[in-house]
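Structure assessment
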Amino acid sequence: MIIILYFIALLVAGLAAGIIGAMSGLGGGVVVIPVLTLLFGIPLEYAAGASLVATIATSSGAASAYVKDKLANIRIGMSLEVATTLGAIAGSLLAAYVYAHGISSYLFILFGVVLLVSLYPSFKKYRNARRKNEIRDWTTQLFQLSGSYYDKARKRVVRYSGSRWWLGEAVMAVAGLMSGLLGIGSGVLKVMGMDWGMRLPMKVTTATSNFMIGVTAATGSAIYWELGYIQPFIAAPVVVGILIGAYIGSILLDRTRGRNIRMLFLVVLGIVGIEMMLRGFGVA
Amino acid sequence: MNMNYAVSYVLMAGVIASLLLLTTGIILLFLNGGSNGFSISSISRTDTHINSSQFPVSAVLSGLSTYQGLDFILLGLMVLIATPVVRVLLSVLIFLYKRNWLYVAITLIVFIDLMVAVFVVPGLLVH
């Protein structure tokens with residue numbers, strides 16, 4: 001009886017993480033890992049394993065819709081996955097080293113730092129949704145970084161082109177590394193690489209990031225599988241919960257115009273980030 | 001047929017198949033009060049040593065016929081991990097069809113990276 005309650009608690013944790021992850025724009029993984037470790041006392045490697053496979057589910061579900069709408073650019077996504085997959089291989093091997101040497105406290109600190117840094121663009125987004133001035137360079141031509149999508153709000157087709165492919169690629173290598181090391185999707189970092197690095201429109205950036213996360217996370221998950229970081233009793237409810245939660249979150253996001261609830265989530269996540277760092281330092 | 005639709009359907013099908021397998025596995029696990037010779041209390045302990053490393057693909061597939069909950073759950077997770085791999089393979093075909101050779105090469109590199117993660121790296125890890 002107690003076991004079934006524990007299972008339902010894991011399911012609810014995934015559900016909540018999915019909702020908060022979708023509404024804050026940070027993704028479920030970064031939310032569920034602190035819940036599983038700090039609240040449930042689950043070892044970090046099992047929390048990271050459950051989070052990473054759940055990330056594949058939400059990414060594939062969201063990307064399925066974005067690809068149909070042509071918001072996700074398959075060419076740009078594929079070209080950047082070269083770096084994210086290599087980064088993910090390096091990251092999960094590094095994770096294996098850290099866990100084997102019993103120094104996971106460093107990962108708690110890193111996780112807290114990554115979470116706090118991820119919050120920064122979300123706060124900034126309120127101030128200005130600026131228009132980027134497009135620059136074309138040799139990579140625009142060579143890697144065919146152009147495309148178009150139909151903007152439902154403005155009711156017209158938007159044409160765009162990206163540049164500085166090498167800069168995007170460099171940021172993606174770091175995003176892949178963090179994904180494999182911490183068991184997260186690294187969506188915020190991917191968005192930064194395409195938005196700030198390659199100067200792509202925000203809608204294309206978020207959709208393409210979602211499209212890429214699945215491949216990055218699958219790379220890390222395959223290695224996590226062999227390392228034994230995927231615990232079925234934890235992963236199953238977390239995957240199901242986050243997937244349903246992300247779906248609910250995306251609907252709520254469309255309906256709630258107020259920024260207050262999002263702001264509240266961001267503040268809570270900031271506190272969670274500090275908690276994770278304190279845990280790493282052995283204070284909490 | 002629109003290429004984007006094909007990619008979209010593959011992703012959706014993978015997620016739904018995985019959800020069905022996970023749900024079936026969870027129900028079986030609780031109905032049987034355990035799986036694969038383990039009791040449910042030992043499977044659910046936070047510090048349990050029962051994890052993915054003991055379940056290679058061949059073992060999981062053979063456990064399905066005897067309705068072992070864990071095997072269904074792990075197959076569901078494998079399907080989830082395989083979904084992006086199938087998506088990348090499909091992208092190779094799409095770029096071949098479009099005769100975009102640069103992107104055929106780029107997509108193949110991503111596919112090789114994935115195969116390295118699935119087959120090569122696990123062989124290098126010492127237990």
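In this report, we go over the structure that sits alongside the text. (Residues numbered from 1 in each chain as written. Chains lettered and ligands numbered in written order. Predicted model: local features only at pLDDT ≥ 70, side-chain atom pairs only at ≥ 80, totals over all residues. Heavy atoms only, no water.)

With that settled, consider the overall build of chain B. For chain B, the count of helices and strands is five helices and two strands. Ordered by position in the sequence, the α and β elements of chain B form the string α-β-β-α-α-α-α. The C-alpha radius of gyration of chain B comes to 18 Å, more than 25% above the 14 Å expected for a compact globule of 127 residues. Each principal axis of the C-alpha atoms in chain B carries an extent, and together these give about 55 × 35 × 25 Å. Each of the 127 residues in chain B was classed as buried or not, and the buried ones make up 50%. Relative to all contacts within chain B whose residues are 6 or more apart in sequence, the contacts with residues 24 or more apart total 53%. (Helix = DSSP H or I, 4+ residues; strand = E, 2+ residues; numbered from the N terminus. Rg over C-alpha atoms; globule rule 2.2 N^0.38 Å. Buried < 20%, exposed > 50% of the residue type's maximum accessible area, 1.4 Å probe, protein only. Contact = heavy atoms within 4.5 Å.)

Looking now at the environment of Val30(A). Residues and elements named next belong to chain A. Examined against the element boundaries, Val30 turns out to sit in helix α2 (residues 28-39). The exposure class assigned to Val30 is buried, which follows from its relative accessible area of 6%. Sequence-distant contacts of Val30, that is, excluding residues within four places in its chain, are made with Phe111, Leu115 and Ile184.

So, on to the interface of chain A and chain B. In this assembly, 56 residues from chain A lie in contact with 54 residues from chain B. Around 4,800 Å² of area is buried between chain A and chain B when both sides are counted, 76% of it from carbon and sulfur atoms. When the area that chain A buries against chain B is broken down by residue, the three leading residues are Met78(A), Trp225(A) and Glu226(A), summing to 15%. At the boundary of chain A with chain B, the tally comes to one salt bridge. A salt bridge links Arg87(B) to Glu81(A); the shortest N-O distance between them is 3.0 Å. At the junction of chain A with chain B, the criterion picks out 15 residue pairs in polar contact (both at pLDDT 80 or more). Sorting the residues of the side of chain A that touches chain B by element identifies α1 (2-24), α3 (44-68), α4 (74-100), α9 (202-227) and α10 (232-255) of chain A as the ones contributing at least two each. No other element matches the 12 residues that α9(A) contributes to the side of chain A that touches chain B. The residue inventory of the side of chain A that touches chain B, partitioned by class, reads 39 nonpolar, 12 polar and five charged. (Buried area = accessible area lost by both parts, 1.4 Å probe. Salt bridge = Lys/Arg side-chain N within 4 Å of Asp/Glu carboxyl O. Polar contact = N/O pair within 3.5 Å; in protein donor to acceptor, adjacent residues only side chain to side chain. Nonpolar A, V, L, I, M, F, W, Y, C, P; charged D, E, K, R; others polar.)

This part covers the packing of aromatic side chains. Applying the stated criterion to the full structure yields 11 aromatic pairs over all chains. In this structure, Arg87(B) packs its charged tip against the face of Phe211(A), placed 3.7 Å from the ring centre. (Phe/Tyr/Trp six-rings, centres within 6.5 Å; stacked < 30°, edge-to-face > 60°. Lys NZ or Arg CZ within 6 Å of the ring centre and 35° of its normal.)

Here the focus is unusual backbone geometry. In terms of backbone geometry, most residues other than glycine have negative phi values and most peptide bonds are trans. You will see that Gln144(A), though not glycine, has its phi angle at about 50 degrees, which is positive. Assessed through its relative accessible area of 26%, Gln144(A) is described here as partly exposed. The residue Asn36(B) is not glycine, and still its phi comes out positive at about 55 degrees. In this fold, Asn36(B) is placed in the loop between β1 (34-35) and β2 (38-39).

A few words on the side chain of Thr83(B). When you line up the elements, Thr83(B) lands in helix α4 (residues 69-97). With residues near it in sequence (within four places) discarded, Thr83(B) still touches Ser60(A), Val10(B), Leu11(B) and Gly14(B).

Now for the packing of α2(A) against α10(A). Residue and element names in this part refer to chain A. Remark: α2 packs on α10, axes separated minimally by 12 Å, with the N-to-C direction vectors making an angle of 135 degrees. Between α2 and α10, the angle falls in the class oblique. Between α2 and α10 lies a crossing whose hand is right-handed. Side by side, α2 and α10 meet where Gly28, Val32 and Leu36 of the first sit next to Ile234, Val238 and Ile242 of the second. Its residues assigned to classes, the contact of α2 with α10 shows five nonpolar, one polar and no charged. (Axes fitted to C-alpha atoms, helices over the stretch in contact; angles between N-to-C directions. Parallel < 35°, antiparallel > 145°, perpendicular 65-115°, else oblique. Left-handed = near helix turned anticlockwise from the far one by under 90°.)

Looking now at helix α7 (residues 165-182) of chain A. Residue and element names in this part refer to chain A. Look at α7: 26 Å from first C-alpha to last across 18 residues, which is about the 26 Å you get at 1.5 Å a residue. Of all 18 residues in α7, 13 are buried, a share of seventy percent or more. Immediately downstream of α7, the backbone of Gly183 shows phi near 80 degrees, a positive value. (Expected span 1.5 Å × (residues − 1).)

This brings us to the pattern of salt bridges. Note that side chains of opposite charge can pair when their charged atoms are close. Summed over the entire model, instances satisfying the criterion amount to four salt bridges over all chains. Several salt bridges converge on common partners, so that one network encompasses Asp151(A), Arg154(A) and Lys203(A).

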